[in-house]
Every structure is written in C-alpha cells, then in structure tokens.
Amino acid sequence: MCVALLAASPTRAQDYPTKVPTMVVPFAAGGPTDTVARLVAVPMTKTLKQQVIVENVLGAGGTIAVNRVAKAVADGYTLLIHHIGMSTAPALYRKLPYDAINDFEPIGLINEVPMTLVAKKDFPAKELKELIAYVKANKEKINLANAGVGAASHLCGMLFMSAIQTELTTVPYNGTGPAMNDLLGGQVDIMCDQTTNTTSQIKAEKIKVYGVTTRKRVASLPNVPTMDEAGLKGFEVSVWHGLYAPKGTPKPVIDKLTNALHVALKDDNVKLRFAELGTEPVAENRATPAALRAHLKAEIDKWSPIIKKAGAYAD
Ligand code: ASP
C-alpha cells in the first residue's frame, strides 16, 4: 500500500516535471537577462513538456530574486537564471542573506555576452576618447544608469569610473530594460549594458556606442571598436548567464534540466537570435553543473579583489 502510494506520488523526481517550473529572472522584463530567459524557455518547454514560466523578481541588483530561489522548495519547480552578478554580489554586499555557492545546485552555463558602453543619441562625443574628456570635464551634470548594485551594468560602470578616475552620479533601475527606455528618452546620459539589450538600438542609431567590453570585436557590431582599441587599455568584462536550482534539488531533476538546457542551446531560433544579439551559447560541455560550479568559483575569486580594490560596497 505504502509502495503504491509512493509510486503514485507526483513529487517523485523521476516523474519531473508534473507541473509548470518557474524560471526566476532577477531583473525587469525587456532587459538582457529577461531576453535570454525567454528565448531558452521556449525549447525547454518543448523538452520538458511543461510550460517554463518566466517570472521577474525585482530589486537590490538581483539579490532579492537570488534569495527567493535560495529559500524555495528544492523540487525543480523554482529555478534561477542569473549572470555574472552571482559572482560579484558576494564581494559587493557586506551581508547577503544567501550563499552563492552552497545554497544552489548549478544546472549549467548558458551564454557569454559582451557589454557595450552607450550614450543617449545627442550625447556630445563621437568616440571613447572624446567621451572620457567630456565626462571628466562635466562630471557633475552626467549620470550613469545601472540595474542596481550587483548588476553587470553596475560592475561595468564601476570599472569605467575607476579606469577614468571620475565619480559620476549613478541612477539605479530594476533592470536595464527600463534603463534603456530612459536612455532612449534622454533622461539618463550613459550606460554600460549587454549587447542583448543594446544591439538593435545601436543599429537603429537611437543611441551612441563607444566600445565593446570584450577582447575581440563582436560579429554583429563589426564597426564598434573594443574598449581597449578605443583607448582604455585592458578594459574587459564578459558577462555570462547560468541556470540554478535550490540546494538539495534531486539529481534526476537536475539531469533533466541540464538535458533540456542542452537541447535549448542547439535550438535554431535560440542560435539565430543569440547571434543577432551579439551573444553565443556555450559549448555543451560547459552547459553542465560541474562547469557552472567551477566557473562561478573562478569568477568569485577573480572579481572579489577587483571589487575590494575599487572600494564599492552595499549594505
Ligand atoms: N543584465 C542587466 C544588468 O546586469 C540587468 C537586466 O538584465 O535587466 O545590468
């Protein structure tokens, strides 16, 4: 009787998923993390035969969402998609209510994506060197948008201000989707953001671009120099996204999710849209729990001393 009841239980890991999983996005709809989430959720839905719902949980540079997933039931129905902020928040925040490594089961890396330094359309500088000179001369009137302490836009903006030794007023949003709206409207001046959010606006000439933050140029924006080429030697930030479940999620569930992620990263529409937006899915051997765990640890080790040196902290 007992065995029969167990076998019929809808919560058996082998039966997963028997209801809809939710993928929590730590930033507002319309931004870069949301875009990646919504693209991969479509083929994951087909593989898992349950609708993968995307939910935007906003605030505190993404840390509210991360904490929500850290405390969720570990059954595979609450997942987290997050970027490089998973590795920078532990150094940026004096106190975090979660442990980025020990409170999660990594599922796999998803993609790597460059950032771009962009400005509102009528910003009076044509190239990076001019922008730096202008910003230094007018620092009290210029503001820099970001998605809060812990966001990639915050990290990139912080590195930029430190590289040019100039403090600017920062304007935090709940995501760079809404920040982009204000950049387009001219309410904010400059921003660092992923190509997934900036490419179409750059191509439509609705905003100005000064450089990409990766070592190499981006195929979808071939005329945009790297920040290094444009004058800020060694300036490099490469953003990555990963998929996580709460610690203790059963291995058969993680295996199904990793498999669904592998299928998603080979999906034609995902590959096409990623390429158009200047990003790339990682190779299959990096879309694994072990590779994400190792990458997260390596990124925490890489960014902690840089953030400490820059002296940026939040409570
Ligand atoms: N990825 C953005 C950032 O970190 C936030 C977002 O996805 O909206 O700045």
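Structure's up top.
Residues numbered from 1 in each chain as written. Predicted model: local features only at pLDDT ≥ 70, side-chain atom pairs only at ≥ 80, totals over all residues. Heavy atoms only, no water.

Colleague: Sorry if this is basic, but what is going on with the nonpolar core here?
Modeller: Side chains that are nonpolar tend, in soluble globular proteins, to be buried together. Counting 86 residues, the largest nonpolar core has Leu-128, Leu-131, Phe-160 and Ile-190 as the members making the most contacts within it. No other element matches strand β4 (residues 104–120), which puts eight residues into this core. With sequence-adjacent residues up to four places away left out, Leu-131 is seen in contact with Leu-117, Phe-123, Ala-125, Phe-160, Ile-190 and Tyr-210. Counting 14 residues, the second largest nonpolar core, distinct from the first, contains Met-180, Leu-183, Met-191 and Leu-221. (Core = buried A, V, L, I, M, F, W, Y, C linked by side-chain atoms within 4.5 Å. Buried < 20%, exposed > 50% of the residue type's maximum accessible area, 1.4 Å probe, protein only. Helix = DSSP H or I, 4+ residues; strand = E, 2+ residues; numbered from the N terminus. Contact = heavy atoms within 4.5 Å.)

Colleague: How should unusual backbone geometry be read in this particular structure?
Modeller: The bulk of non-glycine residues show a negative phi, and the bulk of peptide bonds are trans. A cis amide bond, omega -5 degrees, links Tyr-16 with the succeeding residue Pro-17. Tracing the backbone shows Pro-17 in the loop between α1 (2–8) and β1 (22–25). The residue Ala-60 is not glycine, and still its phi comes out positive at about 50 degrees. Inspection of the secondary structure puts Ala-60 in the loop between β2 (53–56) and α3 (63–70).

Colleague: What is the right way to read the site of the ligand from this model?
Modeller: Every residue near the ligand is listed here: Phe-27, Gly-31, Pro-32, Thr-33, His-83, Ala-147, Ala-151, Ala-152, Ser-153, Gly-175, Thr-176 and Gln-194. Within the contact set of the ligand, an oxygen atom lies 2.4 Å away from a side-chain nitrogen or oxygen of Ser-153. In isolation the ligand offers 270 Å² of accessible surface; the protein chains occlude 100% of this area. Residue assignment for the shell around the ligand shows that the elements contributing at least two residues are α2 (32–48) and α6 (152–163). (Near = heavy atom within 4 Å. Polar contact = N/O pair within 3.5 Å; in protein donor to acceptor, adjacent residues only side chain to side chain. Areas by Shrake-Rupley, 256 points an atom, 1.4 Å probe, with all protein chains shown as cover.)

Colleague: Looking at this model, I keep getting lost on the side chain of Asn-138. Mind explaining?
Modeller: Within the secondary structure, Asn-138 is located in the loop between α5 (128–137) and β5 (143–146). Asn-138 sits in the buried class, given a relative accessible area of 14%. A distance of 2.8 Å separates a polar atom in the side chain of Asn-138 from the backbone oxygen of Tyr-134.

Colleague: Teacher, can you tell me more about the pattern of salt bridges here?
Modeller: If charged atoms from side chains of opposite charge come close, those side chains can pair. All chains considered together, the criterion is met by 11 salt bridges. Between Arg-38 and Asp-34 there is a salt bridge, with its nearest N and O atoms 2.8 Å apart. A residue pair is termed a helical-turn pair when its members lie 3 or 4 positions apart in one helix, as Arg-38 and Asp-34 do in helix α2 at four residues. (Salt bridge = Lys/Arg side-chain N within 4 Å of Asp/Glu carboxyl O.)

Colleague: Is there a simple way to think about the state of the cysteines in this case?
Modeller: The bond known as a disulfide is covalent and runs between the sulfur atoms of two cysteines. Under the criterion given, the structure shown has one disulfide. Across a sulfur-sulfur distance of 1.9 Å, Cys-156 and Cys-192 are joined as a disulfide pair. Here Cys-156 is found in helix α6, whereas its partner Cys-192 is found in strand β7 (residues 190–194), with 36 residues between them in sequence. On the accessibility criterion, Cys-192 (1% relative accessible area) is buried. (Disulfide = S-S within 2.5 Å.)

Colleague: Any chance you could explain the packing of aromatic side chains here in plain terms?
Modeller: Think of a pair of aromatic rings as described by two things: how far the centres are apart, and how the planes are tilted against each other in angle. Here the structure, examined in full by the defined rule, presents four aromatic pairs. Ring centres of Tyr-16 and Tyr-77 lie 5.0 Å apart, and the angle between their planes is 55 degrees; this geometry places the pair in the tilted category. Of this pair, Tyr-16 sits in the loop between α1 and β1 while Tyr-77 sits in the loop between α3 and β3 (78–82), and the two are 61 residues apart along the sequence. Taking relative accessible area as the criterion, Tyr-77 reaches 10% and is therefore assigned buried. On the numbers, 6.4 Å between centres and 80 degrees between planes, the contact of Tyr-98 with Phe-104 is edge-to-face. Considered together, Tyr-98 and Phe-104 belong to a single accessibility category, that of buried residues. Every member of this aromatic cluster is reached through a ring pair, and the members are Tyr-98, Phe-104 and Tyr-244. Across the ring face of Tyr-77, the terminal group of Lys-19 is positioned such that the distance to the ring centre comes to 4.7 Å. (Phe/Tyr/Trp six-rings, centres within 6.5 Å; stacked < 30°, edge-to-face > 60°. Lys NZ or Arg CZ within 6 Å of the ring centre and 35° of its normal.)

Everything listed here is a matter of geometry and, on its own, says nothing about what the molecule does.
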